[in-house]
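# Examining the three-dimensional arrangement
So the chains spell out like this:
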Amino acid sequence: MERYRLELLGITYNQIESGVYAVILKEMGGQRRIPIIIGYPEAQAIECKLQEVVTPRPLTHDMMINCLDSFGIRLKEIEIRKLPSGVFAADMLFSDGENTRIIDARSSDAIALAIRADAPIYTSAEVLEEAGFDPAAAEKRQEAAKNRIKDAPAPTPPAQGIAGVSRSSDLSRIPTETLCKMMQDAAENEDYEEAARIKSEIDSRNE
């Protein structure tokens, strides 16, 4: 199966809605990016490592790496995958030099561990094709859309999701497959507040 290596660009956050963050992964050697909506604790764990913040006591992910090191276990790599619900998950490959084990994890936890263990991050061609977006191409599409409507007499309508679904719609009535597409569109447009609202609805259906 064809795989692509990803690099971590950083964390973005919504300045209006607190607690809404996204980790941005970029295709190495390419332009496509994958935004993954995460919570504040995971964003803090990733950002602390990126900024090399020294804490008085080890954070949870630092402690896990210390435990693995003490037993001679190494995180070799992680692979980001996408569940049928539209939520991202990850497979973590561990090795003690003789045996290997694959452990299921949340994508945010796997990324937090990978950057501490200097382990590569991969994803499949399928995930990159489905969830990845090229910001330059997206900007061109937005500019083209602006050019098409700049002479229109009617005011710009409220923020819409796909199929004309408005931002204020009752998400409980929308099919899960449609919600997944809406969440991806919101993340690509950096509307992380709306993406988090949709993700919360999808998560509630999986519980």
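That block above? That's the structure.
Everything numeric in this text was worked out from a predicted model, so none of it was measured.

### A word on the environment of Phe-71
Within the secondary structure layout, Phe-71 lies in the loop between α2 (60-70) and β4 (74-82). Distance from Phe-71 to Asp-96, taken between C-alpha atoms, is 8.1 Å for residues 25 residues apart in sequence.

### Here's the deal with the pairing of strand β2 (residues 21-27)
Here is the key point about a regular strand: its side chains alternate between the two faces of the sheet. Burial runs high along β2: seven of the seven residues are buried. Residues Tyr-21, Val-23, Leu-25 and Glu-27 line one face of β2 and the alternating positions Ala-22, Ile-24 and Lys-26 line the opposite face, and both faces are buried. Relative to β2, strand β1 (residues 3-13) is paired through seven bridges, and the arrangement is antiparallel. Bridged to Leu-8 within β2 is Leu-25. Note: β2 against strand β3 (residues 33-38), six bridges, orientation antiparallel. Residue Ala-22 lies in a different strand from β3, and its bridge partner there is Ile-37. Hairpin connection between β2 and β3: a loop of five residues separates the two successive antiparallel strands, and Gly-29 in this loop has a positive phi of roughly 80 degrees.

Quick notes on the rules
Residues numbered from 1 in each chain as written. Predicted model: local features only at pLDDT ≥ 70, side-chain atom pairs only at ≥ 80, totals over all residues. Heavy atoms only, no water. Helix = DSSP H or I, 4+ residues; strand = E, 2+ residues; numbered from the N terminus. Buried < 20%, exposed > 50% of the residue type's maximum accessible area, 1.4 Å probe, protein only. Pairing = 2+ DSSP bridges.

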